[in-house]
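Chain and residue survey
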Amino acid sequence: MNILDELAEYAKVRVKEAKKLRPLDVVKTEALSKPKGDFEFEKALKKDGMSFICECKKASPSKGIIAEEFDYLTIAKDYEAAGADCISVLTEPKWFLGSDQYLQEITDDVSIPVIRKDFTVDEYMIYEAKLLGAKAVLLICAILTEEQIREYIRICDTLGISALVEAHDEAEIQMAVRAGARVIGVNNRNLKDFSVDTSNSRRLRQMIPDDVVFVSESGIKDASDIKLLNEAKVDAVLIGETLMKAQDKAAKLKELRGN
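Residues numbered from 1 in each chain as written. Predicted model: local features only at pLDDT ≥ 70, side-chain atom pairs only at ≥ 80, totals over all residues. Heavy atoms only, no water.

Inclusion rule: UniProt positions are given in the numbering used here, feature names are shortened, and annotations may be inferred rather than shown by experiment.
In the nomenclature of an unreviewed UniProt entry, the protein corresponds to Indole-3-glycerol phosphate synthase from the organism Pseudobutyrivibrio ruminis. Quoted verbatim from the Sequence similarities (unreviewed entry) heading of the UniProt record, the comment on the protein is "Belongs to the TrpC family." Within the UniProt record for the protein, the comment given under Catalytic activity (unreviewed entry) is "1-(2-carboxyphenylamino)-1-deoxy-D-ribulose 5-phosphate + H(+) = (1S,2R)-1-C-(indol-3-yl)glycerol 3-phosphate + CO2 + H2O".

Below, the structure is given as structure tokens:
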């Protein structure tokens with residue numbers, strides 16, 4: 001079992017435990033009673049020029065602890081002030097040391113759209129994300145069936161939130177397109193062996209329909225990477241480790257923008 005499979009299996013355990021405390025019917029009813037969103041996440045990524053999704057994460061399976069001091073609210077506010085278009089917040093607790101609390105507090109405190117970055121394996125997690133204030137959720141092709149992705153996008157649509165559907169190869173891109181994804185992300189990091197290849201996004205870009213928002217994720221280190229992705233007509237980038245390791249995150253984001 002690779003780490004991605006382990007993450008998915010642990011997510012199923014987490015959902016099972018969460019349902020004991022708050023059954024699906026309760027969480028679903030609460031989420032549906034909230035005002036329907038306006039798909040703010042995907043709208044933010046459709047603006048002219050490259051959009052930036054900046055990530056708040058304390059750790060990762062490949063790098064271990066990334067931020068010993070993890071002042072997530074300050075980080076999120078710094079991103080917003082520096083011109084980030086969206087924020088990604090890790091809520092996976094075991095390998096990424098994430099927390100639903102981080103997401104809740106950040107969505108309460110910033111005005112730009114926030115995506116819940118987790119390993120969605122059950123509709124329960126989508127309703128949870130809505131209640132936590134997220135404007136989007138991550139759906140990973142490698143751990144879901146095409147039918148699940150299609151159904152989870154439908155649930156997102158009823159809530160007015162977006163689904164970032166993540167793929168890593170040609171077959172998964174086709175799967176995401178068939179399932180009706182409006183936002184497709186290509187992860188340059190292979191979550192099965194952690195190898196990183198930023199040309200993966202550029203290579204797969206041509207498979208994405210023009211009306212679908214295309215996001216390049218992981219392994220983006222400097223303005224030269226951004227330039228290459230711009231040339232490939234990538235709509236947005238999701239940047240985590242590079243920003244998390246920067247002492248001055250606002251200056252780093254400005255540098256990545258080429259300002």
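Some thoughts on unusual backbone geometry
Rules: Going along the chain from the N terminus, every DSSP run of H or I of four or more residues is numbered as a helix, and every run of E of two or more is numbered as a strand. The classification of residues rests on relative accessible area computed with a 1.4 Å probe and restricted to protein chains. Under 20% of the type maximum is buried, over 50% is exposed, and intermediate values are partly exposed.
Despite not being glycine, Leu-97 has its phi angle at roughly 55°, a positive value. Position of Leu-97 relative to the elements: it lies in the loop between strand E4 (86–90) and helix H5 (100–109). Given a relative accessible area of 30%, Leu-97 falls into the partly exposed group. One non-glycine residue, Lys-233, adopts positive backbone phi at about 65°. Among the secondary structure elements, Lys-233 is positioned in the loop between helix H10 (223–231) and strand E10 (236–239).

Section: the packing of helix H6 (residues 123–131) against helix H7 (residues 146–159)
For clarity, the threshold we go by: Lines fitted to C-alpha atoms define the axes, with helix axes restricted to the stretch in contact, and inter-axis angles between N-to-C directions lie between 0 and 180 degrees. By the definition adopted for this analysis, an angle is roughly parallel if under 35 degrees, roughly antiparallel if over 145, roughly perpendicular if from 65 to 115, and oblique otherwise. A clockwise turn of the near helix away from the far one marks a right-handed crossing, whereas an anticlockwise turn of less than a right angle marks a left-handed crossing. In what follows, residue pairs with any heavy atoms lying within 4.5 Å of each other are defined as contacts. Note on residue classes: Ala, Val, Leu, Ile, Met, Phe, Trp, Tyr, Cys and Pro are nonpolar, Asp, Glu, Lys and Arg are charged, and everything else, Gly too, is polar.
It is at 10 Å that the axes of H6 and H7 come closest, and there the two elements cross at 25°. By the angle between their axes, H6 is roughly parallel relative to H7. Taken as a pair, H6 and H7 cross one another with a handedness that is right-handed. Where H6 approaches H7, its residues Glu-123, Ile-126, Tyr-127 and Lys-130 are matched on the opposing element by Tyr-152, Ile-155, Cys-156 and Leu-159. Classifying every residue of the contact of H6 with H7 by side-chain character gives six nonpolar, no polar and two charged.

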